[in-house]
Protein chains: 2
Amino acid sequence: MKLVLVHTVREVRDFQESKNNIGLVPTMGALHAGHVRLMEIARRESDVLAVSIFVNPLQFGPNEDYSRYPRTLSHDLEICERNNVDLVFAPSVEEMYPLPQLTSVEVGRLSEHLCGKVRPGHFRAVATVVMKLLNIIQPQRAYFGEKDIQQLTIIRRMVADLNLNVTIVGVPIVRETDGLALSSRNKYLSAEERKVAPALYRALQEAVNRIRAGEKDASKVREAALEVLANFPLIRVEYFEIVDPEELQPLATISAPVRIAGAIWLGATRLIDNVNA
Amino acid sequence: MKLVLVHTVREVRDFQESKNNIGLVPTMGALHAGHVRLMEIARRESDVLAVSIFVNPLQFGPNEDYSRYPRTLSHDLEICERNNVDLVFAPSVEEMYPLPQLTSVEVGRLSEHLCGKVRPGHFRAVATVVMKLLNIIQPQRAYFGEKDIQQLTIIRRMVADLNLNVTIVGVPIVRETDGLALSSRNKYLSAEERKVAPALYRALQEAVNRIRAGEKDASKVREAALEVLANFPLIRVEYFEIVDPEELQPLATISAPVRIAGAIWLGATRLIDNVNA
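Peer 1: I would appreciate a short explanation of the confidence of the model for chain A in the present structure.
Peer 2: Low pLDDT marks stretches whose predicted atomic positions should not be read closely. Summarising the model, chain A shows a mean pLDDT of 94, and 96% of its residues fall at 70 or more. Interface confidence for the predicted complex, expressed as ipTM, amounts to 0.91; the pTM equals 0.93.

Peer 1: I would appreciate a short explanation of the relation of the copies chain B and chain A in the present structure.
Peer 2: Both copies of the chain are related by one operation, a rotation about an axis with a shift along it. Once chain B is rotated about the relating axis by 180° and shifted along it by 0.0 Å, it coincides with chain A to within an RMSD of 0.0 Å. The operation mapping one copy onto its partner corresponds to a two-fold rotation axis. Residue B:Val105 of chain B places its C-alpha closer to the rotation axis than any other residue of that unit, at 2.3 Å. Both copies contact each other with a shared surface, as 100% of the interface residues of chain B are interface residues in chain A too.

Peer 1: Explanation requested: the sheet that holds strand β7 (residues 167–171) of chain A in the structure shown.
Peer 2: Through backbone hydrogen bonds, the strands of a sheet pair up, either in parallel or in antiparallel fashion. All names here are of chain A. Strand order across the open sheet formed by 6 strands is β1-β4-β3-β2-β6-β7, with parallel pairing between neighbours. The open sheet is flanked by β1 (4–6) and β7, the only strands paired with a single partner. Along the sheet, successive strands turn relative to each other by an average axial angle of 25°, direction set aside. Judged from the 5 bridges that link them, strand β6 (residues 141–145) and β7 form a sheet pairing that is parallel. From the neighbouring strand, Ala142 faces β7, where its bridge partner is Ile168. Sitting on the sheet, helix α7 (residues 149–161) is in contact with β6 and β7, with an inclination near 165° to β7.

Peer 1: Looking at this model, I keep getting lost on helix α9 (residues 199–212) of chain A. Mind explaining?
Peer 2: Along an α-helix, residues three or four positions apart point the same way, because every turn accommodates 3.6 residues. Residues and elements named next belong to chain A. For α9, which comprises 14 residues, the first-to-last C-alpha distance of 20 Å matches the rise-based estimate of 20 Å (1.5 Å per residue) to within 8%. Those residues of α9 not exposed but buried are Ala199, Leu200, Tyr201, Ala203, Leu204, Ala207 and Arg210. Contacts from the buried residues of α9 go to α8 (191–196), α10 (218–230), β8 (235–243), β9 (259–266) and β10 (269–276). A positive phi of about 110° marks Gly214, the residue just after α9.

Peer 1: In this structure, what is going on with the nonpolar core? I would like to understand it.
Peer 2: Grouped burial of nonpolar side chains is what soluble globular proteins tend to show. Judged by nonpolar contacts, the single largest core of 135 residues is most densely connected at A:Ala50, A:Ala127, A:Met158, B:Ala50, B:Ala127 and B:Met158. When near neighbours in sequence (up to four residues on either side) are disregarded, A:Ala50 contacts A:Ile22, A:Gly23, A:Leu24, A:Asp86, A:Leu87, A:Phe89, A:Ile137 and A:Pro139.

Peer 1: Is there a simple way to think about the interface of chain B and chain A in this case?
Peer 2: Where interface size is given, it is often the accessible area lost as the parts come together that is meant. Listed as interface residues are 26 residues of chain B and, on the opposing side, 26 residues of chain A. Elements supplying a minimum of two residues to the side of chain B that touches chain A: β5 (103–107), α6 (122–137) and α7 (149–161) of chain B. At 5 residues, the largest contribution of residues to the side of chain B that touches chain A is made by β5(B). Classifying every residue of the side of chain B that touches chain A gives 12 nonpolar, 8 polar and 6 charged. Strand direction decides the pairing type here: strand β5 (residues 103–107) of chain A and β5(B), joined by 5 bridges, are antiparallel. Bridge pairing in β5(B) places A:Glu106 opposite B:Ser104.

Peer 1: Would you take a moment to explain the sheet that holds β10(A) for this structure?
Peer 2: Residues and elements named next belong to chain A. Read from one edge of the open sheet, 3 strands run β8-β9-β10, paired in antiparallel fashion. Across the chains shown, the open sheet's two edge strands, defined by having one partner strand only, are β8 and β10. Taking each pair of neighbouring strands and ignoring which way they run, the sheet shows an average axis angle of 15°. For β8 and β9, the ladder comprises 8 bridges, and the chain directions are antiparallel. Bridging across to β9, Phe240 finds its partner in Gly262.

About the criteria used
Throughout this document, residue positions are counted from 1 along each chain, in the order its sequence is written. Following the order in which they are written, the chains are lettered starting with A and the ligands numbered starting with 1. Given that the model is predicted, a residue must reach a pLDDT of at least 70 before its local features are reported, and side-chain atom pairs must reach 80 or more before they are shown or counted; all residues, however, enter totals for whole chains, interfaces and linings. As a per-residue quantity, pLDDT reports the predictor's confidence and falls between 0 and 100. Least squares is the method used to superpose the copies, on C-alpha atoms of residues holding a pLDDT of at least 70 in both. The contact criterion used is a C-beta to C-beta distance within 7 Å, with each C-beta placed from the backbone. At least two DSSP bridges between two strands are required for those strands to pair. Numbering of helices and strands runs from the N terminus, with a helix taken as a DSSP run of H or I at least four residues long and a strand as a DSSP run of E at least two residues long. With axes taken as lines fitted to C-alpha atoms, and helix axes fitted only over the stretch in contact, angles between N-to-C directions fall between 0 and 180 degrees. Under the convention used throughout, the expected extent of a helix is 1.5 Å for every residue step, that is, one less than its residue count. The burial label depends on the number of other C-beta atoms within 10 Å of a residue's C-beta. Counts of 20 or more mean buried, 12 or fewer mean exposed, and intermediate counts mean partly exposed, with C-beta atoms placed from the backbone. Residues enter a nonpolar core if they are buried, belong to Ala, Val, Leu, Ile, Met, Phe, Trp, Tyr or Cys, and are joined to the set through C-beta atoms within 7 Å. Residues are grouped as follows: Ala, Val, Leu, Ile, Met, Phe, Trp, Tyr, Cys and Pro are nonpolar; Asp, Glu, Lys and Arg are charged; all remaining types, including Gly, are polar.

Structure representation (structure tokens):
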């Protein structure tokens, strides 16, 4: 099957002659090896592999990086070709929001902590646009990276709560050799910031080590991890939390498997990462 | 095709071998001739006619009539049989809400006036449960009565805003010979209240007559209609508004086709009705 590039919902509908076994990788473009991993897994499991590329203005706050977010469509299309993608859906903002968007999808509780606390309205806009993309593409499976673990958790719950007939597949984080989680935003980093950036992953590993060594007190684990980050004056910590893996609610005591999640700023760039322990 | 009654989402999915040309009539049961009209129209247009019967607890306020809302499943099934329904989906509350429902669908602006003003959270719960039913049944078309015009307007907008691949069909109100709009809640009325109930429709007609006679001032049209209702001490008016037909926003001046909508109380029973003009 040759790659088809379409820009309108109508074209996607026309494409859907057989609705069987479509896998969707929703992206904001600026594709990197993390996205390629999603495509590889989706390709193996799907007759039709669809990728959406849409930088959703509604999920960016007024002081966030919507306007400078990297847009690299021709490069993205090469990556899609190389990975045997069947359909790329790259709509305009007007195609996605032809009317004022009065309808929103809200996932309570799960949206309130971690990134949700510092990005009000972000996850409502993410849930809403993912709902739109799922309804447009109508895939059997949609693939999301675990780097955005809160997004993944929220979308899983949205799908369950609203009985969407789609399977959400979470795919482990792809990292640089020095541990930095791949992200389109890594492009923003200066050479100096890039050198320091893997400290977030090292702090997460420090937390894992403390837990493996038997520490049950989440605040002590957190302190040990924050000490790792404190060595780097360039780094400002936004949050660092030990949370339950189902609903990502902060824990005081560690008595079962946990997720550890952190967000840091390096200059004007915000990086997030997480691990299981 | 013989009628199939199922109670779980899983069974509905198993039923959907061919996804083609399903028409859905979502109801809360207590089926009457208004529902039958929906079924008749859906039957003509659909290979598979599905009816859902679910009294959704989340759309009732704490002081509303959830517990006494009429439940008449065996009678409803007879009506479905007689109207050649293929599938009835009659889930339990636990089947519809197996987890705490964290996710909700909100349609802004359209939910704020008329019934939305006096029933906070009602339309959020309606939009959410209709979204669930559409995802479970996956119909090509879903049929709603125009009596609940605000519900219909909100669902149309939800479908557009979230790119749902379903056509929403609005079906004109079915009335008793004296003009009373059919409603499952008409059962609540005492003989005395039932006699007075058609006054709501007569007030709507009075408003239509004033508009046809050239009156452009919405407040004057409203006053004339309220005078009709003032003749009946049993009636308490909740709202009576002249609104635009697209978004149901109140109008001061009538310069294009309008919708006129009213809600009254007769004892403990709330009745709504509306007409075009």
